[in-house]
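# Inside the fold
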Amino acid sequence: MGFTGISKLVTSTVGKSTNILWHDCPIGQTERQKLMNQKGCVVWITGLSGSGKSTLACALSRELHSRGHLTYVLDGDNLRHGLNRDLSFKAEDRAENIRRVGEVAKLFADAGLICIASLISPYRSDRSACRNLLPKSSFIEVFLNAPIEVCEARDPKGLYKLARAGKIKGFTGIDDPYEPPSDCEIVIQCKIGDCPSPKSMADQVVSYLEVNGFLHE
Ligand SMILES: Nc1ncnc2c1ncn2[C@@H]1O[C@H](COP(=O)(O)OS(=O)(=O)O)[C@@H](OP(=O)(O)O)[C@H]1O
Ligand SMILES: Nc1ncnc2c1ncn2[C@@H]1O[C@H](COP(=O)(O)OP(=O)(O)O)[C@@H](O)[C@H]1O
C-alpha cells in the first residue's frame, strides 16, 4: 500500500486502485448490531458436493429466522449464476470465487447479519484468507464431514456419475482435491447410514452461536 499525502487528505493505493480514500459513516456495525440485537458474523460451511451444505445453510437460516435473527445465505452454486459466472472450476478460479464470496460475506457481517456461506471451498489457503478478512472469532468454519461414499450415493444432480464417466473433468473428490479443515470451529459428522437430520445439524450451529454471544448484542 503506497501513500501520497496532500495537506490533510492522505490517499492510498490498494491493488490497482490509486488515490483512494476510506470514508467512514457515523452509523457503523455497532449501531446496526444494537438495532438487530445480534452480532454480525460469517458461518462458512465447507464440504464435498452433496455433503449437505445447502441443506444445512437453509435449515440454519430458517431456525435463526424463527428466533428473530436476520440471516443471508451465500450459496456457491447460486452465486455462480451471477457474481461468479465468469469463473470455472480450475484452482485459480476457485480461489477467486472464494475470495469474492469472502469479501461479500464480510460486508454482510459488517451490516450486522449472520451470513451463511456454503461453498465447497476445497483449499485450506483460500478459506484461511477469508478468515483473515474478518475480526477474530467472527469467522465460524463448519466442516460438513460426509465421506465421499455418502455424497456419491446421494448424487442429487447426477454430477458424480458424470465425473466417474469422465464427462466432467476436475470434479472435487474424484479428480480434484478437497483439503479438509485441520482446525475449525464446528465439525458435523456424517457417516454411512448415520447422518444427523438437517434440523439437528442446524441446532449444533445455533448452540455455538448462542454460547459464543452472537445471538445477543
Ligand atoms: N468440477 C466441479 N467440482 C465441484 N463442483 C462442481 C464442479 N462442476 C460443477 N460443480 C457444481 O458447482 C457447485 C460448487 O460450486 P462452489 O462455488 O461451491 O465450488 S468451489 O467452492 O469454487 O470449489 C457444486 O454444488 P454443490 O453440490 O452444492 O457443492 C456442483 O453442483
Ligand atoms: N442431513 C441429511 N440427511 C439426509 N440427507 C441429506 C442431509 N443433508 C442433505 N441431504 C440430501 O443430500 C443431498 C445433497 O444435499 P445438498 O444440501 O444439496 O448438498 P451440497 O449443497 O453440499 O451439494 C440432497 O438430496 C439433500 O436432500
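First, a word on scope: everything that follows refers to the structure included in this document. (Residues numbered from 1 in each chain as written. Chains lettered and ligands numbered in written order. Predicted model: local features only at pLDDT ≥ 70, side-chain atom pairs only at ≥ 80, totals over all residues. Heavy atoms only, no water.)

## A look at the state of the cysteines
Convention followed: The definition used for a disulfide is geometric: two cysteine sulfur atoms within 2.5 Å. The rule is simple: take the accessible area with a 1.4 Å probe, protein chains only, and divide by the maximum for that residue type; under 20% is buried, over 50% is exposed, in between is partly exposed.
For the structure on display, the rule yields one disulfide. A sulfur-sulfur separation of 1.7 Å characterises the disulfide bridge that pairs Cys190 with Cys195. One quick way to see it: the torsion about the S-S bond of Cys190 and Cys195 is about 75 degrees, and its sign makes the bridge right-handed. Of the residues examined, Cys195 reaches a relative accessible area of 30% and is grouped as partly exposed.

## Here's the deal with the site of ligand 1
Rules: Nearness is judged by heavy atoms alone; a residue qualifies as near a molecule or strand once a single heavy atom is within 4 Å of it. Pairs of N or O atoms within 3.5 Å make up the polar contacts considered here, provided that, within protein, one atom can donate a hydrogen while the other can accept it, and that residues adjacent in sequence are counted only when both atoms are side-chain atoms. Methods summary: accessible areas were calculated by the Shrake-Rupley approach with a probe of 1.4 Å, and residue burial reflects only the protein chains presented. Helix and strand labels come from DSSP, where a helix needs a run of H or I of at least four residues and a strand needs a run of E of at least two; each type is numbered from the N terminus. Under the convention adopted here, Pro, Cys and the residues Ala, Val, Leu, Ile, Met, Phe, Trp and Tyr are nonpolar, Asp, Glu, Lys and Arg are charged, and Gly plus all remaining residues are polar.
Around ligand 1 sit 19 residues, and of these Ser49, Arg80, Arg94, Asn97 and Lys157 come closest. Between Ser49 and ligand 1, the recorded distance is 2.6 Å, taken from a side-chain N or O atom to an oxygen atom. Within the backbone of Ile120, an N or O atom sits 3.0 Å from an oxygen atom of ligand 1. Out of a free accessible area of 630 Å², ligand 1 has 91% covered by protein chains. Every element with two or more residues in the shell around ligand 1 is listed here: helix H3 (76-79) and helix H4 (91-110). For the shell around ligand 1, the leading source of residues is H4, giving three residues. Residues of the shell around ligand 1, tallied by class, amount to seven nonpolar, seven polar and five charged.

## Some thoughts on the site of ligand 2
Ligand 2 sits among 13 residues. The nearest are Gly50, Lys53, Ser54, Thr55 and Pro196. Take Gly50: an N or O atom from its main chain is 2.7 Å from an oxygen atom of ligand 2. At 2.8 Å from an oxygen atom of ligand 2 is found a side-chain nitrogen or oxygen belonging to Ser54. Burial of ligand 2 by the protein amounts to 71% of the accessible area it has alone, namely 560 Å². Elements represented by at least two residues in the shell around ligand 2 include exactly helix H2 (53-66) and helix H8 (198-211). In terms of residue count, the dominant contributor to the shell around ligand 2 is H2 (three residues). A per-class count over the shell around ligand 2 returns five nonpolar, six polar and two charged.

## Description of unusual backbone geometry
Positioned with a positive phi, Asn37 is a non-glycine residue whose angle comes to about 50 degrees. Here Asn37 is to be found in the loop between helix H1 (29-36) and strand E4 (41-46). Taking relative accessible area as the criterion, Asn37 reaches 40% and is therefore assigned partly exposed. For Ser137, which is not glycine, the phi torsion reads 80 degrees and is therefore positive. Mapped onto the elements of the fold, Ser137 is located in the loop between helix H5 (124-131) and strand E7 (139-145). Judged by its relative accessible area of 52%, Ser137 is exposed.

## Structural notes on H5
Heads up, the condition is: Here the arc refers to the directions that run from the helix axis out to each C-beta atom. Here, residues are in contact when the closest pair of their heavy atoms is within 4.5 Å.
Those residues of H5 that fall on the buried side of the exposure criterion are Asp126, Arg127 and Cys130. The buried residues of H5 occupy an angular sector of 95 degrees when the element is viewed end-on, so they sit on one face. Buried residues along H5 sit against E4, H4 and E7.

## Overview of the nonpolar core
The line we're drawing: As used in this record, nonpolar core signifies buried Ala, Val, Leu, Ile, Met, Phe, Trp, Tyr and Cys residues forming a set joined through side-chain atoms within 4.5 Å.
Counting 22 residues, the largest nonpolar core has Val43, Leu56, Val205 and Leu209 as its most contacted members. Ignoring sequence-local partners within four residues, the contact set of Val43 consists of Leu60, Ile114, Cys115, Ile116, Ala117, Ile140, Val142, Val205 and Leu209. In this structure, Ala105, Ala117, Cys130 and Leu134 belong to the second largest nonpolar core, which totals 14 residues.

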